[in-house]
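Topology and contacts: notes
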Amino acid sequence: MLENLLPKIVAIALDAGQAIMEIYADPANAVITKSDNSPLTQADLAADRVISAGLNALALGWPLLSEESAQIAYDERRNWQRFWLIDPLDGTKEFIKRNGEFTVNIALIEKGEPVLGVVYAPVLDVCYFAARGAGAFIRRGAEEAHAIRVKEPMPGEPVKVVASRSHADERTTALLQKLGDYQCISMGSSLKLCLVAEGAAHFYPRLGPTMEWDTAAAHAVVKYAGGRVCDSAGNELRYNKPDLHNSEFFVLSASDSNLFAKIIAEGSAD
């Protein structure tokens, strides 16, 4: 079922990306400030409308939780066995900076686990998508989609670490310095997780705050590419918690026990 559903969700993400690009083309676009002082653009709202309409048109009857509808109370959400979790524009700061490193994120959550995810970067025209039973894939522009897998560092190879352009912090810097030989790749939004999924990077540590909708779609891509998105105890991130904040997490190959052991040993202390 999920394998057949996946192309439909990709199409919805592409439509949302088109709505974003129509607004992105006008740099005079006003930025709205939300109640928590975080930025919101008209592109967020336009993409949210496209995604909501597209998912509702599928008539599957599954509820939807979006960054723009996060006020839904846990008492209402707690019994959801399956629901859509979306971020219509992940990387609003990257959108405002106009560096192209922002994405449309659509995930399907089943009993707290991401079982389908689509991440589309409209400026880059790159789409990552994955589902349980189907695997994980990337499509660049008009190219044919192809399967992706995480990679572990080869013996003697520097660890390729992906980091945020907008959220550098001292703890992450200190952790990376303890990894030994490494190379840093800067990237914005959920594309950081996707770089690990496709094997372009080996490791992404996130010691700063994130929300569930920031990670869910890319988490699915990582998961079905052979990776994991886990906390310092090795537990996979879970979704639809009473508090929608994620814990600190690490993204790496699910089989890379050596790197994970070093992360825990080196990264557990502030």
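Residues numbered from 1 in each chain as written. Predicted model: local features only at pLDDT ≥ 70, side-chain atom pairs only at ≥ 80, totals over all residues. Heavy atoms only, no water.

By the criterion of burial, strand S4 (residues 82-90) is predominantly enclosed, with 8 of the 9 residues buried. Examined bridge by bridge, strand S3 (residues 64-66) and S4 share 3 bridges and lie parallel to one another. In the strand pairing of S4, Leu-64 is matched with Trp-84. Here S4 runs beside strand S5 (residues 103-110); their pairing, made up of 7 bridges, is antiparallel. Of the residues in S5, the one forming a bridge with Asp-90 is Thr-103. (Buried < 20%, exposed > 50% of the residue type's maximum accessible area, 1.4 Å probe, protein only. Helix = DSSP H or I, 4+ residues; strand = E, 2+ residues; numbered from the N terminus. Pairing = 2+ DSSP bridges.)

Here we come to the pattern of salt bridges. Applying the stated criterion to the full structure yields 8 salt bridges. Between Glu-157 and Lys-160 there is a salt bridge, with its nearest N and O atoms 3.9 Å apart. Among the residues examined, Glu-157 registers a relative accessible area of 27% and is labelled partly exposed. Notably, a salt bridge pairs Glu-212 with Lys-241, separated by 2.8 Å at the nearest N-O pair. Highlighted residues: Glu-212 in helix H7 (residues 212-223) and Lys-241 in the loop between strand S13 (227-230) and strand S14 (249-253), separated in sequence by 29 residues. Shared partners join several salt bridges into a network, and the residues in it are Arg-82, Glu-110 and Arg-132. (Salt bridge = Lys/Arg side-chain N within 4 Å of Asp/Glu carboxyl O.)

Glancing now at the packing of aromatic side chains. Following the criterion strictly, the structure yields 8 aromatic pairs and no others. Ring geometry for Phe-95 versus Phe-102: centroids 5.2 Å apart, planes at 65°, classification edge-to-face. The exposure class assigned to Phe-95 is buried, which follows from its relative accessible area of 6%. A relative accessible area of 0% means that Phe-102 is categorised as buried. By the ring-pair criterion, three or more aromatic residues cluster together here, those being Tyr-24, Phe-95 and Phe-102. (Phe/Tyr/Trp six-rings, centres within 6.5 Å; stacked < 30°, edge-to-face > 60°.)

So, on to the nonpolar core. Ranked by internal contacts, the top residues of the largest apolar core, which has 76 residues, are Ile-9, Trp-84, Ile-106, Leu-116, Val-118 and Tyr-128. Element by element, the count of residues in this core is highest for helix H1 (residues 2-24), at 12 residues. If sequence neighbours within four positions are ignored, Ile-106 has contacts with Ile-9, Ile-12, Ala-13, Ile-51, Trp-84, Leu-85, Ile-86, Leu-116, Gly-117, Val-118 and Ala-217. Formed by 13 residues, the second largest nonpolar core is a distinct cluster that contains Val-161, Leu-207, Leu-252 and Phe-260. (Core = buried A, V, L, I, M, F, W, Y, C linked by side-chain atoms within 4.5 Å. Contact = heavy atoms within 4.5 Å.)

Our focus in this paragraph is unusual backbone geometry. For Arg-98, which is not a glycine, the phi torsion comes out positive at approximately 60°. Tracing the sequence through the fold places Arg-98 in the loop between helix H4 (92-97) and S5. On the basis of relative accessibility, which here comes to 38%, the residue Arg-98 falls in the partly exposed class. Its identity is not glycine, yet Lys-111 carries a phi of approximately 50°, on the positive side. Tracing the backbone through its elements, the reader meets Lys-111 in the loop between S5 and strand S6 (113-121). By relative accessible area, Lys-111 is classed as exposed at 60%.

Turning our attention to the sheet that holds strand S8 (residues 135-140). The strand order across the open sheet built from 7 strands is S3-S4-S5-S6-S7-S8-S9, with neighbouring strands paired in mixed fashion. In this open sheet, the two strands that pair with only one neighbour each are S3 and strand S9 (146-147). Where strand S7 (residues 126-131) and S8 come together, 6 bridges link them in antiparallel fashion. Following the sheet pairing, Ala-130 is matched in S8 by Ala-136. H1 contacts S4, S5, S6, S7 and S8 of the sheet and is inclined by roughly 35° relative to S6. Contacts between helix H2 (residues 42-57) and the sheet are confined to S3, S4 and S5, with S4 contributing the most and set at about 150° to the helix. (Axes fitted to C-alpha atoms, helices over the stretch in contact; angles between N-to-C directions.)

These values are about where atoms sit, not about what they do.
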